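Each chain, letter by letter, is given below.
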Amino acid sequence: QTLTDVYDAVVLPALYFAKQDQKRANLTVEEARVIYQATRELVDNLGASQATIAVVAVPVAPEEDTVAALLPKVRILACPANDEADEVALQMFQHVLDPVRFEVEFTKTTLLTAQVLSLVEQISPGIVCIGLVPPGGFAQTRYLCKRLRARFPTLPIVVGCWGSPKDEAEHLARLGLDSIAHTSTTLLDTRNQIMQLP
């Protein structure tokens with residue numbers, strides 16, 4: 001399986017079910033934090049291993065390397081919707097993007113919406129991607145998207161609502177962002193959407 005397959009089929013659903021257990025009080029806040037930290041370390045290791053394999057297995061021709069170096073990278077501002085699980089999910093999202101074409105900068109969940117808007121104005125990203133692992137985070141995502149669209153009418157906004165294998169349609173309906181942002185429920189779809197943006 002590819003790294004994207006592993007993230008979409010295994011790691012993101014694990015985060016989703018951990019958040020469900022925390023919501024139902026089957027996990028304490030501290031137990032959930034340990035799970036998120038362990039997942040973050042796993043994702044770091046998987047990403048590093050994948051990068052090493054890619055370098056060894058797929059050497060880049062000199063002319064391709066030159067062309068890639070001449071093209072400016074697309075800067076993506078990655079914003080977690082609500083909590084640490086969303087931050088970890090965005091790390092996975094970074095790993096499935098081509099590092100030659102895209103540069104990802106992360107915000108923290110502690111940032112207020114006004115601070116995110118200010119950051120967008122300062123760094124002028126080509127795309128804003130909001131990462132969300134349900135449950136929770138829907139209201140924050142809708143609010144941030146609406147504020148971003150009002151302030152930056154032409155800025156591409158992509159929302160990944162990841163990890164919920166059985167409730168994808170319901171979660172997209174809850175977001176209700178069809179006219180504001182591109183939405184998707186897998187890392188693969190999110191990556192494909194971003195690659196198709198002008």
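Residues numbered from 1 in each chain as written. Predicted model: local features only at pLDDT ≥ 70, side-chain atom pairs only at ≥ 80, totals over all residues. Heavy atoms only, no water.

Helix and strand counts for the protein chain come out as eight helices and five strands. For the protein chain, the α and β elements follow one another from N to C terminus as α-α-α-β-α-β-α-β-α-β-α-β-α. For the protein chain, the proportion of its 198 residues judged to be buried stands at 42%. Only carbon and sulfur atoms are counted for the fraction: they give 56% of the accessible area of the protein chain, which is about 10,600 Å². (Helix = DSSP H or I, 4+ residues; strand = E, 2+ residues; numbered from the N terminus. Buried < 20%, exposed > 50% of the residue type's maximum accessible area, 1.4 Å probe, protein only. Areas by Shrake-Rupley, 256 points an atom, 1.4 Å probe, with all protein chains shown as cover.)

Glancing now at the packing of helix H6 (residues 138-151) against helix H7 (residues 168-175). In contact at an axis separation of 9 Å, H6 and H7 are set at 45° when each is read in the N-to-C sense. Taken together, the axis directions place H6 and H7 in an arrangement best described as oblique. Mapping the contact onto sequence places Phe138, Thr141 and Arg142 in H6 and His171, Arg174 and Leu175 in H7. Grouping the constituent residues of the contact of H6 with H7 by class yields two nonpolar, two polar and two charged. (Axes fitted to C-alpha atoms, helices over the stretch in contact; angles between N-to-C directions. Parallel < 35°, antiparallel > 145°, perpendicular 65-115°, else oblique. Contact = heavy atoms within 4.5 Å. Nonpolar A, V, L, I, M, F, W, Y, C, P; charged D, E, K, R; others polar.)

Attention now goes to the nonpolar core. Soluble globular proteins tend to bury their nonpolar side chains together. Counting residues in each nonpolar core, the largest one holds 31 residues, and the members touching the most others are Ile76, Met92 and Phe93. Sorting the residues of this core by element identifies helix H1 (3-23), helix H2 (29-57), strand E1 (74-80), helix H4 (84-95), strand E2 (102-106), strand E3 (127-132) and helix H8 (187-196) as the ones contributing at least two each. For this core, the leading source of residues is H1, giving seven residues. Core analysis: the second largest hydrophobic core is formed by 24 residues, Ile157, Val159, Leu175 and Leu177 among them. (Core = buried A, V, L, I, M, F, W, Y, C linked by side-chain atoms within 4.5 Å.)

Since the α-helix packs 3.6 residues into each turn, any two residues three or four apart lie on the same face. The end-to-end C-alpha distance of H4 is 17 Å, a good match for the 16 Å that twelve residues give at a rise of 1.5 Å each. Burial analysis of H4 places nine of its twelve residues in the buried class, the great majority of the element. Every buried residue belonging to H4 is among Ala85, Asp86, Glu87, Val88, Ala89, Leu90, Gln91, Met92 and Phe93, and all of these are buried. With a side-chain oxygen lying 3.2 Å from the backbone nitrogen of Ala85, the N-terminal cap of H4 falls on Asp83. (Expected span 1.5 Å × (residues − 1). Polar contact = N/O pair within 3.5 Å; in protein donor to acceptor, adjacent residues only side chain to side chain.)

Within the element layout of this structure, Ile180 appears in the loop between H7 and strand E5 (182-184). Ile180 sits in the buried class, given a relative accessible area of 18%. Spatially, the C-alpha atoms of Ile180 and Pro153 are 9.3 Å apart, while their sequence positions differ by 27 residues. Sequence-distant contacts of Ile180, defined by excluding residues within four places in its chain, comprise Cys145, Lys146, Arg149 and Ile157.

In this chain, Pro134 is followed by Pro135 through a cis amide linkage whose omega measures -5°. With respect to the helices and strands, Pro135 occurs in the loop between E3 and H6. Positive phi, normally seen in glycine, also occurs at Ser124, with a value near 50°. Looking at where Ser124 falls in the secondary structure, it is placed in the loop between helix H5 (113-123) and E3.

Moving on to the state of the cysteines. In this structure the tally under the stated criterion is zero disulfides. Here Cys129 stays free of any disulfide, with the sulfur of Cys79 as its closest cysteine sulfur at 8.2 Å. Residue classification places Cys129 among the buried residues on the basis of a relative accessible area of 0%. With no disulfide of its own, Cys145 lies closest to Cys79 among cysteine sulfurs, the gap being 9.2 Å. (Disulfide = S-S within 2.5 Å.)

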